[in-house]
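Understanding the architecture of this molecule
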Amino acid sequence: MINFKEEIAKVIGEYVPSLSMEEIQSLIEIPQDSKMGDYAFPCFKLAKELKKAPPLIAGELAENIKENGLFSKVEAVNAYLNMFLNSDEVAKDTLAEVLEKGFNYGKSQMGENKPVIVEYSSPNIAKPFHIGHIRSTVIGNSLYKIYDALGYDVIRINHLGDYGTQFGKMICAYRHWGNKEDVENEPIKTLLSYYTKFHVEVEDHPELEEEAREIFAKLEQSSPEEVQLWQWFRDESLKEFSRVYDMLGIEFDSYNGESFYSDKMPKVEQELRDKGLLKESQGAEVVDLEEEGLGVALIKKSDGSSLYITRDLSAAVYRKETYDFYKNIYVVASQQILHFQQLFKILELMGKDWASSCVHVPFGLVRLQEGAMSTRHGRVVFLEDVLKGAVEKTKEIILEKNPNAENVDEIADMVGIGAVIFNELSNNRIKDYTFSWEQVLNFDGETGPYVQYTHARLCSLLKKAGEEAATKALNPENIDFSHLSGETATELIKLIYAYPEVVQQAGEKYEPSLITRHIIDIAQTFNKFYHDEHIVVDDEGEKLAKLALVHATRICLRNGLDLLGVKAPERM
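Attention in this report is confined to the structure presented alongside it. Since the structure is predicted, the reported quantities are computational estimates derived from the model, not experimental observations. (Residues numbered from 1 in each chain as written. Predicted model: local features only at pLDDT ≥ 70, side-chain atom pairs only at ≥ 80, totals over all residues. Heavy atoms only, no water.)

1. Considering empty space enclosed by the protein
Inspection of the entire model under this criterion finds one cavity of 30 Å³ or more. Taken as a whole, the largest cavity holds about 30 Å³ of empty space. What lines the largest cavity is Val 138, Asn 141, Leu 248, Ile 250, Ile 421, Leu 564 and Gly 565. Of the residues belonging to the lining of the largest cavity, the class tally is five nonpolar, two polar and no charged. (1 Å grid on protein atoms, 1.4 Å probe; cavity = no way out; pocket = protein on both sides within 12 Å on 5 of 7 lines; lining within 4 Å. Points joined across faces, edges and corners; volume = space filled by probe spheres on them. Nonpolar A, V, L, I, M, F, W, Y, C, P; charged D, E, K, R; others polar.)

Below is the structure:
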């Protein structure tokens, strides 16, 4: 596909020899208002060299390049050279590329199969998989898909929270108030009730804290009874988690959680000692990062037990040795920013030149309308309940509109779960938000169901046109692109042209919402085009051109939805 910025830079470069092609290209802008052109070139930088006022330079450049076939119009507006591309050329180049590549449109090999690790989801075992986990889960899954589309070799890691003092509390609670039958019937909800009860009881019986600490110490020392209970909690939890992952269509390459690194920590701790980084402080061992403005990182407690950062240091070293990653991406809430700053700084002080390849992708928190979620107090919304609720609501809406609809369950699954995922990826990931059933299950406006419905409408149009015409429209040689010169069609084609760059930007900025926003724009622009113009018309040439645009729009929406982890139904 033509890189129009590059081509414009070549044209301007003939008249501005003092600037390199790269410099010219970096100066070219896309105006926010399309009435100011498809591209604009500011002439301020040339004033000193050419000893002319910027508006005069813009006027001379406009006069020199206006006859170039790349442009339909060129004009100077103050110090800017505004350029309108030849819409036929843009349509021909863009649609030919989309129709040729199909569902590979937007993909590239820029990653050259370099290994990229994405760590995401990572719930704590024996605790609820709640709505708060959805952000890490779907943002991470989307980043995996984006990096995979950009040609990287992506390793998906679910770093389970399956270690730490909370398991001493869980085992303690189970021994005091639990029974096997209840746990087997409803593992997570039952274990949550025990955990909640522990934090109620400990207020009147503080000795339970010490008992829990002793149990965790035994677990760290591989005491058979404690390990057996811990393993059972882990296995039962994974069964429940897997059910939710199946609903979301999410898979992992590794479930190596914190416990996996327990035997790898001593080596890293010794390296910290050998390099003079580990210091004793009140019986504990720390790395002092005060000079770095990052406080003190506690590596080992006075009772000898480890912490998150100890395990994360071991995990980072293991991952580099095992995968030799190009990037090691952690999709973890913004609450942990200091933790990751400390982690990366310690790796750097250890002399790991790859520390700069570790990236924390933070995101805002999910709150409930009644306040912050709290596992200790049992104030949570189970993610499985949210997904099931969305599917049921979707089913009701479908049957209300069409009581005789076919494949209702399948479509309700696609649309209901898609609505939840799309809602999560609609806004900039760093923003906090309050969970609301009304918002998640709102099927109007800029939502996943709206984009999915547009995709289904595109499929319906192709079916209505007939197989022969739809197939013929897939071949650019059959298309007279002059039929796509209307304002809305031109705007739609520009959005389709921009899609691959948006995918690349989403990867660079770790921001799936760029794709969400872009496919909403495509869907809205197509629906305006659908409203403004008849598509399946009598004139063969016009019909084929418009069907080619329908094909390209459908491909773009489907590819974009896929990168978000949302399915694209062909009927709704």
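2. Topic: unusual backbone geometry
The backbone of Glu 112 shows a phi angle near 50°, a positive value even though the residue is not glycine. Within the secondary structure, Glu 112 is located in the loop between helix H5 (87-101) and strand E4 (115-119). Positive phi, normally seen in glycine, also occurs at Gln 282, with a value near 55°. Inspection of the secondary structure assignment puts Gln 282 in the loop between strand E6 (279-281) and strand E7 (284-288). (Helix = DSSP H or I, 4+ residues; strand = E, 2+ residues; numbered from the N terminus.)

3. Describing the packing of helix H6 (residues 134-149) against helix H20 (residues 487-509)
Interaxial distance between H6 and H20 falls to 9 Å at its minimum, and their mutual angle equals 125°. Taken together, the axes of H6 and H20 are oblique relative to one another. The way H6 lies across H20 gives a crossing that is left-handed. Residue-level contacts link Leu 143, Ile 146 and Tyr 147 of H6 to Val 503, Ala 506, Gly 507 and Glu 508 of H20. In terms of residue class, the contact of H6 with H20 is made up of five nonpolar, one polar and one charged. (Axes fitted to C-alpha atoms, helices over the stretch in contact; angles between N-to-C directions. Parallel < 35°, antiparallel > 145°, perpendicular 65-115°, else oblique. Left-handed = near helix turned anticlockwise from the far one by under 90°. Contact = heavy atoms within 4.5 Å.)

4. Considerations on the pairing of strand E10 (residues 358-361)
Two faces, one strand: in a regular strand the side chains alternate between the faces of the sheet. Taking every second residue as pointing to the same face, both faces of E10 are buried, with Cys 358 and His 360 on one and Val 359 and Val 361 on the other. Across four bridges, the pairing between strand E9 (residues 327-331) and E10 is parallel. Following the sheet pairing, Asn 328 is matched in E10 by Cys 358. Read from E9 through helix H14 (residues 337-349) to E10, the crossover connection turns out right-handed. (Buried < 20%, exposed > 50% of the residue type's maximum accessible area, 1.4 Å probe, protein only. Pairing = 2+ DSSP bridges. Right-handed = clockwise from strand over helix to strand, strands pointing away.)

5. Looking at the environment of Met 170
Secondary-structure assignment places Met 170 in helix H7 (residues 166-177). Of the residues examined, Met 170 reaches a relative accessible area of 0% and is grouped as buried. The spatial distance from the C-alpha of Met 170 to the C-alpha of Phe 198 is 8.0 Å, given a sequence separation of 28 residues. Ignoring anything within four residues of it in the chain, the contact list for Met 170 reads Ala 126, Lys 127, Leu 191, Tyr 195 and Phe 233.

6. Here we look at the packing of aromatic side chains
A full pass over the atoms with the stated rule returns 25 aromatic pairs. With a centroid separation of 5.1 Å and an interplanar angle of 55°, the aromatic rings of Phe 4 and Tyr 497 are classed as tilted. Taken together, the residues span a long stretch of sequence, with Phe 4 in helix H1 (residues 4-13) and Tyr 497 in helix H20 at a distance of 493 residues. On the accessibility criterion, Tyr 497 (15% relative accessible area) is buried. With a centroid separation of 5.9 Å and 45° between ring planes, the pair formed by Tyr 330 and Phe 344 is classed as tilted. (Phe/Tyr/Trp six-rings, centres within 6.5 Å; stacked < 30°, edge-to-face > 60°.)

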